[in-house]
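# A structural walkthrough
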Amino acid sequence: MTVGTETGRHLGEAQPSNDGTGGKQEALGHGEDPGHGEDRAGQEERGNQEEWEDWGELVAAALLGAERRRPPGGSVTALLDAAATGTVRRRAGVRPAVPGQRPAPAPADERPPLPGAAARRLAALLADRAPGGTSASGRRGAGPDLGELLPQWLTEANAHGYRAPTALLPALLDAARARTDLRAETLAFAGPRALWLARYNADWKFALRDGVRRRAPDGGPDETERVWQEGLFAERVALLTTVRRRDPDAATALLASTWQTERAEDRLMFLDSLREGLHSSDEPFLERALADRSRTVRATAAELLAALPGSALAARMADRARGCVAPDPTGGDVIAVTAPSTCDADMQRDGIAPKPPSGRGERAWWLCQLVESAPLEMWGEQLGGATPAEIVALPVADGWRDDLHAAWCGAAVRQRNALWARALIGEPTEPFAEGPGDPAKLLSVLPEEERGVWAARFVAAHGLSEAFRVLGMCGVPWPLPLGRAVVDALEIARDAGSYPWSFSGVMGLAERCLDPSDTERLAPLAAVPDEKEGESPGAGAYWAESFQRLLATLRLRAVMLAELRNEVPDVEMPDSEPSGEPYREPEASGPTG
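Rules of the game
Residues numbered from 1 in each chain as written. Predicted model: local features only at pLDDT ≥ 70, side-chain atom pairs only at ≥ 80, totals over all residues. Heavy atoms only, no water. Phe/Tyr/Trp six-rings, centres within 6.5 Å; stacked < 30°, edge-to-face > 60°. Helix = DSSP H or I, 4+ residues; strand = E, 2+ residues; numbered from the N terminus. Buried < 20%, exposed > 50% of the residue type's maximum accessible area, 1.4 Å probe, protein only. Arc of directions from axis to C-beta. Contact = heavy atoms within 4.5 Å. Salt bridge = Lys/Arg side-chain N within 4 Å of Asp/Glu carboxyl O. pLDDT = per-residue confidence, 0-100.

Okay, the packing of aromatic side chains next. Counted under the stated rule, the structure contains 12 aromatic pairs. Between tryptophan 228 and phenylalanine 270, the aromatic rings sit 5.1 Å apart at their centres with planes inclined by 50 degrees, giving tilted as the arrangement. In this pair, tryptophan 228 is assigned in helix α11 (residues 221-230) and phenylalanine 270 in helix α14 (residues 264-272), connecting sequence segments 42 residues apart. By the burial criterion, tryptophan 228 is buried, and phenylalanine 270 matches it. Ring geometry for tryptophan 501 and tyrosine 542: centres 5.9 Å apart, planes at 85 degrees, overall edge-to-face. A residue pair is termed long-range when its members are at least 10 positions apart, and tryptophan 501 in the loop between α26 (480-495) and α27 (504-513) and tyrosine 542 in helix α28 (residues 539-564) qualify at 41 residues. Aromatic rings pair up to connect Trp228, Phe233 and Phe270 into one cluster.

This part takes up helix α17 (residues 312-322). For α17, the full list of buried residues reads Leu313, Ala314, Met317, Ala318 and Ala321. What you see down the axis of α17 is that its buried residues fit within an arc of 140 degrees, all on one side. On its buried face, α17 is in contact with α15 (283-289), α16 (295-306), β1 (325-327), α19 (362-373) and α20 (378-382).

This brings us to the pattern of salt bridges. The final tally for this structure, using the stated rule, is 33 salt bridges. For arginine 267, the salt bridge is made with aspartate 292, and the minimal N-O distance between the two is 2.9 Å. On the criterion of sequence distance, the pair formed by arginine 267 in helix α14 and aspartate 292 in the loop between α15 and α16 is long-range, its members being 25 residues apart. No difference in accessibility class separates arginine 267 from aspartate 292, as the two residues are buried. Residue glutamate 287 is joined to arginine 316 by a salt bridge in which the shortest nitrogen-to-oxygen separation is 3.2 Å. Of the two residues, glutamate 287 sits in helix α15 while arginine 316 sits in helix α17, which places them 29 residues apart along the sequence. Judged by its relative accessible area of 27%, arginine 316 is partly exposed. Shared partners join several salt bridges into a network, and the residues in it are Glu287, Arg316, Arg320, Arg349 and Asp350.

Looking at the protein chain, the pLDDT average stands at 81 and 80% of residues meet or exceed 70. Looking across the protein chain, the model is least confident in helix α1 (residues 3-11), with a mean pLDDT of 35, and most confident in strand β2 (residues 335-337), with 96. In this model, residues 1-38 is a region of pLDDT below 50 whose contacts with residues beyond four sequence positions or in other chains number 37 contacts. Low pLDDT, under 50, characterises residues 569-593; the predicted model gives this stretch 44 contacts beyond four residues in sequence or across chains.

Turning our eyes to something else, we now look at the environment of lysine 441. You can see lysine 441 is positioned in the loop between α23 (418-425) and α24 (448-462). Residue classification places lysine 441 among the partly exposed positions, given a relative accessible area of 46%. On a C-alpha basis, the gap between lysine 441 and alanine 421 in space is 9.1 Å, while along the polypeptide they are 20 residues apart. Apart from the residues lying within four places of it in its own chain, the contact partners of lysine 441 are Val413 and Met473.

Encoded structure:
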């Protein structure tokens, strides 16, 4: 290739000129003599191209192996020498990066550090090093599941006000990223340093979003207005929640100032923030929200208004409900029900959904919504001054009992009325009534101590076949009477030859919820029983393994609690107990590298 041709390939072919040179001098630039070689740009580009081709040959030969492809230079030694030289050349030719500004140090966390044993325990929980583990067949061993104890450990650590060890912050954020149920407690425990660290890893961006939502903005009125007008959505939610706690009316006014310009999904989230501290002064704003263009926003506004017994919407619903439910005009202590025949525009504006779910009749659907939105206090006057218990005991004509009681259940849960909840849930010796309602939800309205007593009596009367949803409503740890009732029911099921895997869900709950102080009472159940005639093969061993795991988990939970209290545990240490080496928390002031 001639010099002129090579130069034209890099800089563009020369254009004809009037000086008779054919444009060659112009292409070379500044009258450069074509006999002296290529221009500098062409030499550089060709050199780069050749270097890339040579490097590609080296890589290909190294990947394929000398047996399949002759290496450059003819030998493996020559290949390695060329690779070493090429590596140095390539690294030396890299342009230095522009130095960035050094990040500010992580904010200080003034909370007390974890006790050493508790910090080592946290490291073990995050690593999920369960002694029993899970076998290749998917069957759990007899050791505790450490991953399932992490939520309880975090809750207890936050109750003590400890700060997270700096070295474990990445593992904590990874755990919270994988399990959304851990995020609230993890971010509370990890503190401001977790938010600082999350800015440097895109995998932890959830911490910035959720952390900002939980952080209380500060500043004067100007700063409040600026954040509300210009802040991110999470910042605006946090701001609205904070202002709501300080001055409910100011929060409502802030929300009303931009309501018309907000997106429907944002309006719904903002409206949810009014649940805390809901007051009659919110009624004018919520009444306007009943005309919102979003159906879900209208429904939420109606639900909030129905929770205000003195609101105009509650009064309208009460008037409609009186026309549907009344004493039987023919006499007798019977409730007569006349379901609505239509769902007019006014009812729809007040939050009544006209279209029922699949398998539900229209009139029954409209009736339940009306009754659920009406104040429960009205029924005493409507039904002759009877108490909630007396009203619930009255017969209902024409087969409307299940629908009416389901609506009252929904109203009791929505209005947090323990008197009505107690009447509707009935005695624990009676099985749950079948119907559209879920009486288990009524337990959440009762005081925690009463919940545990009711659930214990229910388990004692009915066993565990229907107890799972009841147990999920009880506080942790379970009261001793409830825990003992559950263990007794499990022992009865084992002795009756029941399939042990049918109770795995209850066993899992018991591991997390039984009071560790009652652990040793379970020790006799961990023995392998004699196999009975007609029993499923291996069932006794499976029951024993389940009780062994339950016992080991409760002992470990007792140790965990003692560690967080910085006490010497007085129970037998499980096999997973970490070594007694002191835990040293490293100091970190900024990212390295």
